[in-house]
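Geometric and topological summary
Each chain is listed here by its residues.
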Amino acid sequence: MHKSGMRIRAPLMLFVVVSAAFSGCAQFPALDRTVTPALEQADYPALVPLGPLLADTVAPHTDRETTQARLDARLAALRVRAARLRDGVLSGRERQRLAQGLQ
(Lines give C-alpha, C1' and ligand atoms only; values in the text may rest on other atoms or scores of the structure.)
Protein backbone atom coordinates (compact mmCIF):
# COMPACT_ATOMS: atom_id res chain seq x y z
CA MET A 1 0.00 0.00 0.00
CA HIS A 2 1.20 3.50 -0.77
CA LYS A 3 2.04 5.91 2.00
CA SER A 4 -0.58 8.34 0.72
CA GLY A 5 -3.26 5.66 1.22
CA MET A 6 -2.14 5.22 4.81
CA ARG A 7 -2.26 8.98 5.38
CA ILE A 8 -5.87 9.07 4.29
CA ARG A 9 -6.97 5.98 6.21
CA ALA A 10 -5.39 6.92 9.55
CA PRO A 11 -7.54 10.05 10.13
CA LEU A 12 -10.60 8.18 8.87
CA MET A 13 -10.02 5.36 11.33
CA LEU A 14 -9.42 7.86 14.14
CA PHE A 15 -12.70 9.59 13.27
CA VAL A 16 -14.60 6.29 13.34
CA VAL A 17 -13.12 5.28 16.70
CA VAL A 18 -13.78 8.68 18.29
CA SER A 19 -17.33 8.79 16.90
CA ALA A 20 -18.06 5.34 18.28
CA ALA A 21 -16.64 6.31 21.68
CA PHE A 22 -18.74 9.47 21.90
CA SER A 23 -21.91 7.72 20.78
CA GLY A 24 -21.64 5.55 23.89
CA CYS A 25 -21.88 8.72 26.01
CA ALA A 26 -25.26 9.77 24.58
CA GLN A 27 -28.19 9.97 26.96
CA PHE A 28 -31.35 8.26 25.80
CA PRO A 29 -34.78 9.28 26.99
CA ALA A 30 -36.30 7.15 29.70
CA LEU A 31 -38.77 4.94 27.88
CA ASP A 32 -39.53 2.61 30.75
CA ARG A 33 -43.09 2.81 32.04
CA THR A 34 -44.25 5.19 29.30
CA VAL A 35 -47.09 2.83 28.37
CA THR A 36 -50.03 3.37 30.66
CA PRO A 37 -52.05 0.43 32.02
CA ALA A 38 -55.07 1.59 30.01
CA LEU A 39 -53.00 1.50 26.84
CA GLU A 40 -51.75 -1.99 27.69
CA GLN A 41 -55.36 -3.21 27.99
CA ALA A 42 -56.56 -1.51 24.78
CA ASP A 43 -57.51 -3.56 21.74
CA TYR A 44 -55.32 -3.59 18.66
CA PRO A 45 -56.49 -1.32 15.86
CA ALA A 46 -58.69 -2.93 13.25
CA LEU A 47 -56.91 -4.05 10.09
CA VAL A 48 -58.60 -2.87 6.92
CA PRO A 49 -58.04 -4.03 3.34
CA LEU A 50 -55.71 -1.81 1.37
CA GLY A 51 -57.65 -2.04 -1.91
CA PRO A 52 -60.54 0.30 -0.96
CA LEU A 53 -58.11 2.82 0.49
CA LEU A 54 -56.07 2.90 -2.71
CA ALA A 55 -59.21 3.10 -4.85
CA ASP A 56 -60.05 6.45 -3.26
CA THR A 57 -56.72 7.99 -4.25
CA VAL A 58 -56.34 10.04 -7.39
CA ALA A 59 -53.52 9.14 -9.74
CA PRO A 60 -51.38 12.09 -10.82
CA HIS A 61 -52.25 13.39 -14.26
CA THR A 62 -49.46 13.31 -16.81
CA ASP A 63 -49.79 14.99 -20.14
CA ARG A 64 -48.25 12.62 -22.67
CA GLU A 65 -47.65 15.28 -25.31
CA THR A 66 -45.86 17.61 -22.89
CA THR A 67 -43.81 14.76 -21.47
CA GLN A 68 -42.83 13.56 -24.95
CA ALA A 69 -41.89 17.10 -26.02
CA ARG A 70 -39.68 17.53 -22.96
CA LEU A 71 -38.01 14.16 -23.54
CA ASP A 72 -37.41 14.98 -27.21
CA ALA A 73 -35.85 18.34 -26.30
CA ARG A 74 -33.64 16.68 -23.70
CA LEU A 75 -32.60 14.01 -26.19
CA ALA A 76 -31.70 16.62 -28.80
CA ALA A 77 -29.65 18.61 -26.27
CA LEU A 78 -27.79 15.46 -25.18
CA ARG A 79 -27.04 14.54 -28.80
CA VAL A 80 -25.62 18.01 -29.47
CA ARG A 81 -23.50 17.76 -26.33
CA ALA A 82 -22.25 14.29 -27.32
CA ALA A 83 -21.31 15.55 -30.78
CA ARG A 84 -19.33 18.41 -29.25
CA LEU A 85 -17.50 15.98 -26.97
CA ARG A 86 -16.72 13.68 -29.88
CA ASP A 87 -15.19 16.55 -31.83
CA GLY A 88 -12.72 17.22 -29.05
CA VAL A 89 -11.71 20.38 -27.30
CA LEU A 90 -8.62 21.21 -29.37
CA SER A 91 -8.78 23.18 -32.58
CA GLY A 92 -6.92 21.95 -35.65
CA ARG A 93 -4.09 24.41 -35.03
CA GLU A 94 -3.78 23.32 -31.39
CA ARG A 95 -3.70 19.64 -32.40
CA GLN A 96 -0.93 20.41 -34.91
CA ARG A 97 1.17 22.23 -32.28
CA LEU A 98 0.68 19.36 -29.85
CA ALA A 99 1.70 16.81 -32.48
CA GLN A 100 4.84 18.83 -33.27
CA GLY A 101 5.71 19.05 -29.60
CA LEU A 102 5.46 15.28 -29.18
CA GLN A 103 7.92 14.56 -32.01
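What you see is a predicted model, and the numbers here were worked out from it, not measured in a lab. (Residues numbered from 1 in each chain as written. Predicted model: local features only at pLDDT ≥ 70, side-chain atom pairs only at ≥ 80, totals over all residues. Heavy atoms only, no water.)

Some thoughts on the overall build of the protein
- Along the protein, the regular secondary structure elements total five helices and zero strands.
- Going from the N terminus to the C terminus, the protein shows its helices and strands as α-α-α-α-α.
- Relative to a compact globule of 103 residues, whose C-alpha radius of gyration would be 13 Å, the protein shows 32 Å and is clearly more extended.
- The principal-axis extent of the C-alpha atoms belonging to the protein is close to 90 × 55 × 20 Å. (Helix = DSSP H or I, 4+ residues; strand = E, 2+ residues; numbered from the N terminus. Rg over C-alpha atoms; globule rule 2.2 N^0.38 Å.)

Considering a nonpolar patch on the surface
- Where nonpolar side chains cluster on the molecular surface, the patch consists of Val48, Leu50, Leu53 and Leu54 and spans about 410 Å² of accessible area.
- What makes leucine 50 exposed here is its relative accessible area of 54%. (Patch = residues over 30% accessible without salt bridge, like charges linked within 9 Å, V, L, I, M, F, W, Y side chains within 5 Å. Areas by Shrake-Rupley, 256 points an atom, 1.4 Å probe, with all protein chains shown as cover. Salt bridge = Lys/Arg side-chain N within 4 Å of Asp/Glu carboxyl O. Buried < 20%, exposed > 50% of the residue type's maximum accessible area, 1.4 Å probe, protein only.)

What to know about the confidence of the model for the protein
- Mean pLDDT over the protein: 82, with 90% of residues reaching 70 or higher.
- Here helix α1 (residues 3–23) is the element of the protein with the lowest mean pLDDT, 74, and helix α4 (residues 64–87) is the one with the highest, 92. (pLDDT = per-residue confidence, 0-100.)

Quick word on α4
- Taking 1.5 Å per residue, 24 residues should reach 34 Å; α4 reaches 35 Å between its end C-alpha atoms and fits that length.
- Backbone geometry just after α4 places glycine 88 at a positive phi near 95 degrees. (Expected span 1.5 Å × (residues − 1).)

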